[in-house]
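# Understanding the architecture of this molecule
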Amino acid sequence: MKISSEFSKYALEYNTYNIIQKKVVKKLLSKLNYKPKSILDLGCGSGALCRAIDWKYDSFLGVDFAQGMLDLHPKSKNIKCIYGDFNDASLFENLARYEYEHIFSASSLQWAQDLESVFKNIKSLNRPISLAIFTSGTFETLNKTAKLNPLLRSAGAIKKLSEKYFKAEFEVLKYKLEFESTRDMFRYIKKSGVSGSRNVLTYRQTKKLMQEYPLNYLEFEILLIISH
Ligand SMILES: C[S@@+](CC[C@H](N)C(=O)[O-])C[C@H]1O[C@@H](n2cnc3c(N)ncnc32)[C@H](O)[C@@H]1O
């Protein structure tokens with residue numbers, strides 16, 4: 001499995017809590033070997049993928065279960081957003097009625113309750129895929145320092161699962177995001193949504209973790225699953 005690494009510095013003044021998600025979208029798009037004319041985006045959020053597409057397309061369908069995110073998503077006569085939960089099989093029956101040539105999902109499927117069922121349902125739509133899924137190497141040192149088990153599945157486990165359903169290429173992306181202070185780092189974790197709102201640490205435990213964390217950067221690990 002190919003592994004690529006990148007290092008960046010976090011710039012607080014830009015308030016870019018989705019800096020890693022934006023990089024992931026860019027990477028996913030760079031892996032395409034054609035320009036799909038109609039697109040489905042599962043877990044579209046506020047539209048990072050839609051905003052990053054720089055070619056003309058006929059239709060873009062974004063699906064998310066957070067109405068607040070859908071409200072922020074760009075909309076136009078060829079961009080449609082619908083409410084949908086990818087943990088719910090009926091979403092995929094509904095999606096079978098729409099037109100799309102390619103299925104994307106960026107930084108969302110790590111929250112699937114039963115990833116195998118979601119893969120199975122995506123497979124049933126029978127289209128090429130570009131999926132990016134956060135994996136257990138995300139916040140690796142942080143979890144070790146706090147003696148927490150990783151919240152996310154490992155890249156290897158996801159790859160194995162997806163091989164049951166897709167003939168795909170895999171790549172692991174590793175990002176390091178450097179911060180000026182631990183305070184900025186922990187604020188980022190809280191606001192970025194990458195932690196899945198896991199509030200397992202008390203105030204005192206968080207304070208201790210902030211003192212003991214040995215790095216000035218956070219680690220992120222993402223598995224790309226791509227089929228053409
Ligand atoms: C980290 S954001 C990524 C958003 C966007 N794809 C991007 O690349 O910036 C994860 C998104 O997945 C959505 N999401 C999480 N679980 C979901 C589910 N079961 N069904 C639909 N959307 C879901 C969240 O609401 C959120 O918008």
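A brief structural summary.

## Considering the overall build of the chain
The secondary structure content of the chain amounts to nine helices and eight strands. Over its C-alpha atoms the chain spans a radius of gyration of 18 Å, differing by no more than 12% from the 17 Å that the globule rule assigns to 228 residues. With respect to the principal axes defined by its C-alpha atoms, the chain has extents near 50 × 35 × 30 Å. Counting the 228 residues in the chain, one finds 50% classified as buried. Counting only contacts in the chain whose residues sit at least 6 apart along the sequence, the fraction spanning at least 24 positions is 72%. Carbon and sulfur atoms form 48% of the exposed surface of the chain, whose accessible area is close to 12200 Å². In the chain, which carries 35 positive and 24 negative side-chain charges, the distance between the mean positions of the two groups comes to 3 Å.

## Details of the site of the ligand
Near the ligand you find 17 residues, and of these Gly 43, Asp 64, Asp 85, Phe 86 and Ala 106 are the closest. In the model, a nitrogen atom of the ligand is placed 2.7 Å from a nitrogen or oxygen of the Gly 43 main chain. Between the ligand and the protein, one listed contact pairs an oxygen atom with a side-chain N or O atom of Ser 108 at 3.2 Å. Protein contacts shield 91% of the accessible area of the ligand, which totals 600 Å² for the unbound molecule. Per-class residue counts for the shell around the ligand are eight nonpolar, seven polar and two charged.

## With respect to the pairing of strand S5 (residues 102-106)
Within S5, five of the five residues are buried, which leaves the element mostly enclosed by the surrounding structure. Of the two faces of S5, the one holding His 102, Phe 104 and Ala 106 and the one holding Ile 103 and Ser 105 are both buried throughout. By the bridge criterion, three bridges tie strand S2 (residues 38-42) to S5 in an arrangement that is parallel. Each residue of the ladder has a partner; that of Leu 40, found in S5, is Ile 103. Both S5 and strand S6 (residues 129-134) contribute to a ladder of four bridges, which runs parallel. Residue Ala 106 lies in a different strand from S6, and its bridge partner there is Ala 132.

## Observations concerning helix H5 (residues 115-125)
Each α-helix turn comprises 3.6 residues. Residues three or four places apart therefore point the same way. Residues of H5 that are buried include every one of Leu 115, Val 118, Phe 119, Asn 121, Ile 122 and Leu 125, and no others. Taken end-on, H5 shows its buried residues confined to a sector of 165°, consistent with a single buried face. Summarising the geometry of H5, the exposed residues directed more than 90 degrees from the buried face are Lys 120 and Ser 124. At its buried positions, H5 is contacted by S2, helix H4 (89-95), S5, S6, helix H7 (155-163) and strand S8 (217-226). In the segment just after H5, Asn 126 is the residue with positive phi, at about 55°.

## Overview of the sheet that holds strand S1 (residues 2-9)
Overall, mixed pairing links the eight strands, which are arranged S1-S7-S8-S6-S5-S2-S3-S4 in an open sheet. Because the sheet does not close on itself, it has two edges, and the strands there are S1 and strand S4 (79-83). Recorded for the sheet is a direction-independent mean angle of 20° between the axes of neighbouring strands. Sheet topology places S2 next to strand S3 (residues 59-64); five bridges connect them, and they run parallel. Along S3, the bridge assignment pairs Leu 42 with Val 63. In this fold H5 packs onto S2, S5, S6 and S8, with an angle of close to 165° to the strand it touches most, S6. Running at roughly 10° to S8, H7 makes contact with S6, strand S7 (169-178) and S8 of the sheet.

## A look at the packing of aromatic side chains
In the structure shown here, the tally under the stated rule is seven aromatic pairs. Between the aromatic rings of Tyr 188 and Phe 220, the centroid separation amounts to 6.2 Å while the plane-to-plane angle is 85°, which identifies the pairing as edge-to-face. Taken together, the positions of Tyr 188 in helix H8 (residues 182-192) and Phe 220 in strand S8 put the pair 32 residues apart, joining distant regions of the chain. The class for Phe 220 is buried, based on a relative accessible area of 1%. An aromatic cluster is built from Tyr 17, Phe 134, Phe 139, Phe 179, Tyr 188 and Phe 220, whose rings are joined through pairwise contacts.

Reading the values: rules and limits
- Every residue gets a number counted from 1 within its own chain, in the order that chain's sequence is written.
- Residues qualify for local features only when their pLDDT is at least 70, as the model is predicted, and side-chain atom pairs are given and counted only at 80 or more; totals for whole chains, interfaces and linings, by contrast, use all residues.
- Note that water and hydrogens are dropped before the side-chain values are worked out from all heavy atoms of the structure.
- Numbering of helices and strands runs from the N terminus; a helix is a DSSP stretch of H or I covering at least four residues, while a strand is a stretch of E covering at least two.
- The globule rule used for comparison is 2.2 Å times the number of residues to the exponent 0.38, while the radius of gyration itself is calculated over C-alpha atoms.
- Think of it in three bands: with a 1.4 Å probe and only protein chains considered, a residue is buried below 20% of the maximum accessible area for its type, exposed above 50%, and partly exposed in between.
- Contact criterion: two residues are considered in contact whenever any of their non-hydrogen atoms come within 4.5 Å of each other.
- Surface accessibility in these figures is a Shrake-Rupley result with a 1.4 Å probe; residues are shielded only by whichever protein chains are displayed.
- Under the convention used here, Asp and Glu are negative, Lys and Arg are positive, and both His and the chain ends fall outside the count.
- Taken as the charge location is NZ of Lys, CZ of Arg, CG of Asp or CD of Glu.
- Nearness here has a simple test: a residue counts as near a molecule or strand if at least one of its heavy atoms is within 4 Å of that partner.
- The definition of a polar contact used here is a pair of N or O atoms within 3.5 Å, where within protein one atom must be able to donate a hydrogen and the other to accept one, and adjacent residues in sequence count solely through side-chain atom pairs.
- Three residue categories are used. Nonpolar comprises Ala, Val, Leu, Ile, Met, Phe, Trp, Tyr, Cys and Pro, charged comprises Asp, Glu, Lys and Arg, and polar comprises the others, including Gly.
- Strand pairing is defined by DSSP finding a minimum of two bridges between the two strands.
- By construction, the arc corresponds to the directions joining the helix axis to the C-beta atoms.
- Only C-alpha atoms enter the line fits that serve as axes; for helices the fit covers just the stretch in contact. Angles between N-to-C directions range over 0 to 180 degrees.
- Geometry of aromatic contacts follows a simple scheme: Phe, Tyr and Trp rings, the Trp one being its six-membered ring, pair when their centres are within 6.5 Å, and the pair is stacked under 30 degrees between planes, edge-to-face over 60, tilted otherwise.

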